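Chain residues, written in single-letter form:
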Amino acid sequence: MSPFRIGCAPYLNAKPLIYGLEKQALFFPPAELPERLRSGEVDAALAPLGASLSEEFALVDGVGIVADGPVKSVILAHDAPLSEIRSIAIDPHTRSSFLLLRVLLENFLGFRPNYVPFSERSASRLLIGDRALAYRKENPRVTLLDLGEAWRDRTELPFVFAVWTVRRSEAKGKEIAALFREAKRLGLAARGSIAKDKSEWEYLTRYIRYEVGEREKAGVARFCDELRVLGEKAVVGKELLWI
Ligand SMILES: C=C(O[C@@H]1C=C(C(=O)O)C=C[C@H]1O)C(=O)O
């Protein structure tokens, strides 16, 4: 198949999924990927689930960036008890985790803080990806809420943060999907060479999961329900197209 253009997050957790396809990849913050796919700048993207629940996209079955419990790299760093937090600075890279944070705080705990741009000096911060991993190393004593863990505690389900997406109009969608499943198989087997040290190895093998099966899809369906409670009307839920 002729090379197609892939949009990917510049994160350690994505490396096993892009294995062998790196030369075709363009790296952008995840929040930008759905728009770059929509506009045709890329043909496939590892897009935040929260921005992919739309009729425009088909989702590649069997693979994603998933947590079933603690995820380590999606964290709310806070210096006050959760219910006393007034404002939270949001990492501009995120779409899924911001919506997940809103579900946890607004739907499950019943309060709504102010969400402010990352540039503001708010004491509470939502961080994702490599920036979250670096923050944890630099601030070992800060209090953290791990959003993967909080979701699982409440729902007993895994959380799917990102999935490979293509436009529904993409003629080669099924071929592309099969290629991503094969890249995942090779990439998971290569995690020993991808990880630079023990903590990266643990992150890629114990925290981030890459399977999307029935339990993960039940997690997606539950997330769609919670987004509707939040008033997010663009969520298609049951009409999701997995290819
Ligand atoms: C678990 C993670 O998943 C990420 C979280 C995303 C989001 O919040 O929108 C998008 C892409 C994923 O890579 C992470 O990168 O830490």
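Residues numbered from 1 in each chain as written. Predicted model: local features only at pLDDT ≥ 70, side-chain atom pairs only at ≥ 80, totals over all residues. Heavy atoms only, no water.

**Considering the packing of aromatic side chains**
The criterion, for reference: Planes of paired rings set the category: under 30 degrees apart is stacked, over 60 is edge-to-face and the rest tilted, where pairs are Phe, Tyr or Trp rings (Trp by its six-membered ring) whose centres lie within 6.5 Å. Numbering goes from the N terminus for both helices and strands, where a helix is a DSSP run of H or I of at least four residues and a strand is a run of E of at least two. Classification of residues uses two cut-offs on accessible area relative to the type maximum, computed with a 1.4 Å probe and protein chains only: under 20% is buried, over 50% is exposed, and between them is partly exposed.
Scanning the entire structure with this criterion turns up 8 aromatic pairs. Ring centres of Phe4 and Phe180 lie 5.9 Å apart, and the angle between their planes is 85°; on these two criteria the pair is classed as edge-to-face. A residue pair is termed long-range when its members are at least 10 positions apart, and Phe4 in the segment before β1 (6-8) and Phe180 in helix α5 (residues 173-189) qualify at 176 residues. Take Phe4 and Phe180: they sit in the same class, and that class is buried.

**Thoughts on unusual backbone geometry**
Not every positive phi belongs to a glycine, and Lys72 is a case in point at roughly 80°. Structurally, the position occupied by Lys72 is in the loop between β4 (57-67) and β5 (74-78). Unusually for a residue other than glycine, Glu156 sits at a positive phi of about 60°. With respect to the helices and strands, the residue Glu156 is situated in the loop between α4 (147-155) and β10 (159-167). Take Glu156: its relative accessible area is 60%, and that puts it in the exposed class.

**Details of the domain arrangement of the protein**
Counted only if it meets this: Note that the domain bounds reflect an automated or database-derived domain assignment. In what follows, a contact means two residues having at least one pair of non-hydrogen atoms within 4.5 Å. Buried area: the accessible area, evaluated with a 1.4 Å probe, that two parts lose upon being put together, summed over both parts. Here, a salt bridge means any Lys or Arg side-chain nitrogen found within 4 Å of an Asp or Glu carboxyl oxygen. Think of a polar contact as two N or O atoms within 3.5 Å of one another; within protein, one of them needs to be a possible hydrogen donor and the other a possible acceptor, and neighboring residues in sequence only count if both atoms come from side chains.
Split by domain assignment, the protein resolves into domain 1 (6-66 + 160-213 + 232-239) and domain 2 (74-155). The gap between the C-alpha centroids of domain 1 and domain 2 is 23 Å. Facing the 14 residues of domain 1 at the interface are 15 residues of domain 2. When the area that domain 1 buries against domain 2 is broken down by residue, the three leading residues are Tyr11, Ala31 and Phe161, summing to 47%. In this assembly, domain 1 and domain 2 are joined by 1 salt bridge. The salt bridge involving Arg102 is made with Glu232; its shortest N-O contact spans 3.7 Å. Along the contact surface separating domain 1 from domain 2 lie 6 residue pairs in polar contact (both at pLDDT 80 or more).

**Overview of the sheet that holds strand β3 (residues 44-48)**
Short version of the rule: Strands pair, by our definition, only if DSSP identifies at least two bridges between them. Axes here refer to lines fitted to C-alpha atoms; in helices the fit is confined to the stretch in contact. Angles between the N-to-C directions go from 0 to 180 degrees.
One open sheet accounts for 6 strands, arranged β2-β1-β3-β10-β4-β11; its pairing is mixed. The outermost strands of the open sheet, each flanked by one partner alone, are β2 (25-27) and β11 (209-212). Between one strand axis and the next, the sheet turns by 30° as a mean value, whatever way the strands run. Bridge analysis of β3 against β10 gives 5 bridges, and the strand direction is antiparallel. Across the sheet, the residue bridging to Leu46 is Trp164, located in β10.

**Let's talk about the packing of helix α2 (residues 96-108) against helix α8 (residues 214-230)**
For the record, the criterion: Here is the rule for angles: anything less than 35 degrees is roughly parallel, anything more than 145 is roughly antiparallel, 65 through 115 is roughly perpendicular, and the remaining ranges are oblique. The sense of a crossing depends on the near helix, which, turned anticlockwise from the far helix by less than a right angle, makes the crossing left-handed and, turned clockwise, makes it right-handed. Three classes are used: nonpolar for Ala, Val, Leu, Ile, Met, Phe, Trp, Tyr, Cys and Pro, charged for Asp, Glu, Lys and Arg, and polar for all others, with Gly counted as polar.
Contact geometry of α2 with α8 gives a least axis separation of 10 Å together with a crossing angle of 65°. As the angle between them shows, α2 and α8 are arranged roughly perpendicular. At the point where α2 passes α8, the crossing takes the left-handed sense. Contacts between α2 and α8 pair Ser96, Leu99, Leu100, Arg102, Val103, Glu106, Asn107 and Phe108 from the former with Arg222, Phe223, Glu226, Leu227, Val229 and Leu230 from the latter. Across the contact of α2 with α8, the residue classes break down as 8 nonpolar, 2 polar and 4 charged.

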